[in-house]
Amino acid sequence: KHKAGDAAFTYLKNRGITEKIAETFKIGFAPTGGRALVRYLLQKKRFQKEDILESGLAISYSNGFSDFFKGRLIFPLIDHRDNVVGFSGRLLDEKTGFGGKYINTRDTLIYHKRTHFFGLNITKEAIRKKDQAIVVEGEFDVMSCFREGITNVLAVKGTAMTEEQVNLLKRYVSK
């Protein structure tokens, strides 16, 4: 809702993502500047530099450190217990960003890509009720299905479904 996120909001609208869906999935925006989150965590929240780096929210350079996610839509990665465990960032302008189109929090003490689904925290009740889960590739696939009323959907984090993800999903569906 901040002016810095206008381009991100326009991007979402162009992809057919309504404000309600963006709020449901808690979509945000990381400005291009590069140190806004680091400054906030250091100065306002009094976190230690080492903890910020270990969390995967910042990267270290020879002359300091900066935000890991820059100029990206931010998708919080929320586990099935409603804990934010990491983030995925979608680059808005592929000419100005580093890394791939999508980057994710690296594996940390609390986030392991191989054990996580995007959207399960929101869709788990629909998955239970229908005793069926539709597994898709990414965040926009989940939100597009959700927009069309298909709410028993989730996305893998990574290129393949893992045994850990299957075991987690078996908690919600019998087949």
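A. Structural view of the nonpolar core. Counting residues in each nonpolar core, the largest one holds 21 residues, and the members touching the most others are Ile27, Leu73, Phe140 and Met143. Elements represented by at least two residues in this core include exactly helix H1 (6-14), helix H2 (19-24), strand E4 (72-78), helix H6 (139-147) and strand E9 (153-156). With four residues, H6 is the single largest residue contributor to this core. Ignoring sequence-local partners within four residues, the contact set of phenylalanine 140 consists of Tyr11, Leu12, Arg15, Ile17, Leu73, Phe75, Arg90 and Tyr102.

B. How the structure looks around the environment of phenylalanine 29. Inspection of the secondary structure assignment puts phenylalanine 29 in strand E1 (residues 28-30). Owing to a relative accessible area of 26%, phenylalanine 29 belongs among the partly exposed residues under this scheme. Spatially, the C-alpha atom of phenylalanine 29 lies 5.2 Å from that of isoleucine 74, the residues being 45 residues apart in sequence. The contacts of phenylalanine 29, once residues within four sequence positions are left out, are Ala4, Gly5, Ala8, Gly71, Arg72, Leu73, Ile74 and Leu92.

C. Up close: the sheet that holds strand E8 (residues 134-136). If you trace the three strands from one edge of the open sheet to the other, you get E7-E9-E8, paired in mixed fashion. Strands at the two margins of the open sheet, each flanked by one partner only, are strand E7 (117-118) and E8. When E7 meets E9, the two strands line up antiparallel, connected through two bridges. In the sheet register, phenylalanine 117 faces E9, and the bridge partner there is valine 156. Here helix H5 (residues 120-130) sits on the sheet in contact with E7 and E9, set at roughly 135 degrees to E9. Lying over the sheet, H6 contacts E7, E8 and E9, oriented at roughly 175 degrees with respect to E9.

D. Just the sheet that holds E4, in detail. Spatially, four strands are ordered E1-E4-E5-E6 in an open sheet, and the strand pairing comes out antiparallel. The sheet is open, and its two borders are formed by E1 and strand E6 (102-104), each paired with just one other strand. Averaged over neighbouring strand pairs, the angle between their axes works out to 35 degrees when direction is ignored. Where E4 and strand E5 (residues 84-91) come together, seven bridges link them in antiparallel fashion. Paired with phenylalanine 75 across the two strands is serine 88, which belongs to E5.

So, how was this worked out
Residues numbered from 1 in each chain as written. Predicted model: local features only at pLDDT ≥ 70, side-chain atom pairs only at ≥ 80, totals over all residues. Heavy atoms only, no water. Core = buried A, V, L, I, M, F, W, Y, C linked by side-chain atoms within 4.5 Å. Buried < 20%, exposed > 50% of the residue type's maximum accessible area, 1.4 Å probe, protein only. Helix = DSSP H or I, 4+ residues; strand = E, 2+ residues; numbered from the N terminus. Contact = heavy atoms within 4.5 Å. Pairing = 2+ DSSP bridges. Axes fitted to C-alpha atoms, helices over the stretch in contact; angles between N-to-C directions.

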